Amino acid sequence: MKLLIEARERSIAVAVKTGNKVINSRSWEDEEGLSVTLLDNIDKILKDSKLSLKDLTKVEVETSETGFSTRRIIEAVAGTVRLCLEKNL
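The written sequence of each chain sets the order in which its residues are numbered from 1. Local features in a predicted model are, by the rule used here, given only for residues with pLDDT of at least 70; side-chain atom pairs are given and counted only at 80 or more, and totals for whole chains, interfaces and linings are based on all residues. In computing side-chain properties, one takes all heavy atoms of the structure into account and sets aside hydrogens as well as water.

It is not clear to me how the overall build of the protein should be interpreted in this structure. Could you clarify?
Labels follow the DSSP assignment, with helices taken as runs of H or I lasting at least four residues and strands as runs of E lasting at least two, numbered in each case from the N terminus. In terms of regular secondary structure, the protein is built from two helices and four strands. Secondary structure of the protein in N-to-C order comes out as β-β-β-α-β-α. The size measure is the radius of gyration over C-alpha atoms, and the globule rule it meets is 2.2 Å times the number of residues to the 0.38 power. Relative to the globule expectation of 12 Å for 89 residues, the C-alpha radius of gyration of the protein, 12 Å, shows essentially globular dimensions. For the protein, the C-alpha atoms occupy an extent of roughly 30 × 25 × 20 Å along the three principal directions. Expressed as a percentage of the 89 residues in the protein, the buried residues total 38%. A contact between two residues is defined here by any heavy atoms of the two lying within 4.5 Å. The contacts of the protein with a sequence gap of at least 6 include a subset with a gap of at least 24, amounting to 53%. Carbon and sulfur atoms form 47% of the exposed surface of the protein, whose accessible area is close to 5,500 Å². Relative accessible area decides the class of each residue, using a 1.4 Å probe on protein chains only: under 20% of the type maximum gives buried, over 50% gives exposed, and in between gives partly exposed. In these tables, accessible area is a Shrake-Rupley quantity obtained with a 1.4 Å probe, and a residue counts as shielded only by the protein chains included in the view.

It is not clear to me how the environment of valine 61 should be interpreted in this structure. Could you clarify?
Looking at where valine 61 falls in the secondary structure, it is placed in strand S4 (residues 58-64). The spatial distance from the C-alpha of valine 61 to the C-alpha of lysine 21 is 17 Å, given a sequence separation of 40 residues. Sequence-distant contacts of valine 61, that is, excluding residues within four places in its chain, are made with Ile5, Ile74, Glu75, Ala78 and Arg82.

Whenever I open this one, the pairing of strand S2 (residues 11-18) confuses me. Can you help?
Most of S2 is tucked away: six of the eight residues are buried. When DSSP finds two or more bridges between two strands, those strands count as paired. Pairing analysis gives seven bridges linking strand S1 (residues 2-8) to S2, with the strands arranged antiparallel. When the bridges of S2 are listed, arginine 8 appears paired with serine 11. From the end of S1 to the start of S2, which pair antiparallel, there are two residues, and glutamate 9 there has a positive phi angle of about 55°. One ladder, built from eight bridges, connects S2 with strand S3 (residues 21-29); its direction is antiparallel. The residue of S3 that forms the bridge with valine 14 is arginine 26. Counting the residues that bridge the hairpin from S2 to S3 gives two residues, and of these glycine 19 lies at a positive phi of roughly 65°.

Whenever I open this one, the nonpolar core confuses me. Can you help?
Note on soluble globular proteins: their nonpolar side chains tend to be buried together. Residues grouped as a nonpolar core are buried Ala, Val, Leu, Ile, Met, Phe, Trp, Tyr and Cys residues, joined through side-chain atoms within 4.5 Å. Counting 20 residues, the largest nonpolar core has Leu3, Ile5, Leu38 and Ile42 as the members making the most contacts within it. Among the elements of the structure, S1, S2, helix H1 (34-48) and helix H2 (68-87) are those that each provide at least two residues to this core. In contact with leucine 3, not counting residues within four places along its chain, are Ala15, Val16, Ile42, Leu56, Lys58, Val59, Glu60 and Val81.

When you look at unusual backbone geometry in this model, what are you seeing that I'm missing?
It is generally the case that most residues other than glycine have a negative phi and that most peptide bonds are trans. Even without glycine at this site, lysine 50 takes up a positive phi of about 60°. By the element assignment, lysine 50 lies in the loop between H1 and S4.

Written as structure tokens, this is what we have:
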């Protein structure tokens, strides 16, 4: 199962997928406090899907035409999730 984080201009989306099937997803417009909003939405999507970080095997990021700060924040959050997966936290 993988976590996909997408940013298209000001639109941010997170999805939990297994293969090509979307298990659950959330999307919103970029706003101040993106890192907190992103983490909250990742937690909500996992909780709504009755999953935990340990159920994920991969984290992917897709961005296009996104501001530098937004892309950096998304990559940092994805990196943190990847680290948790590697360390089994």
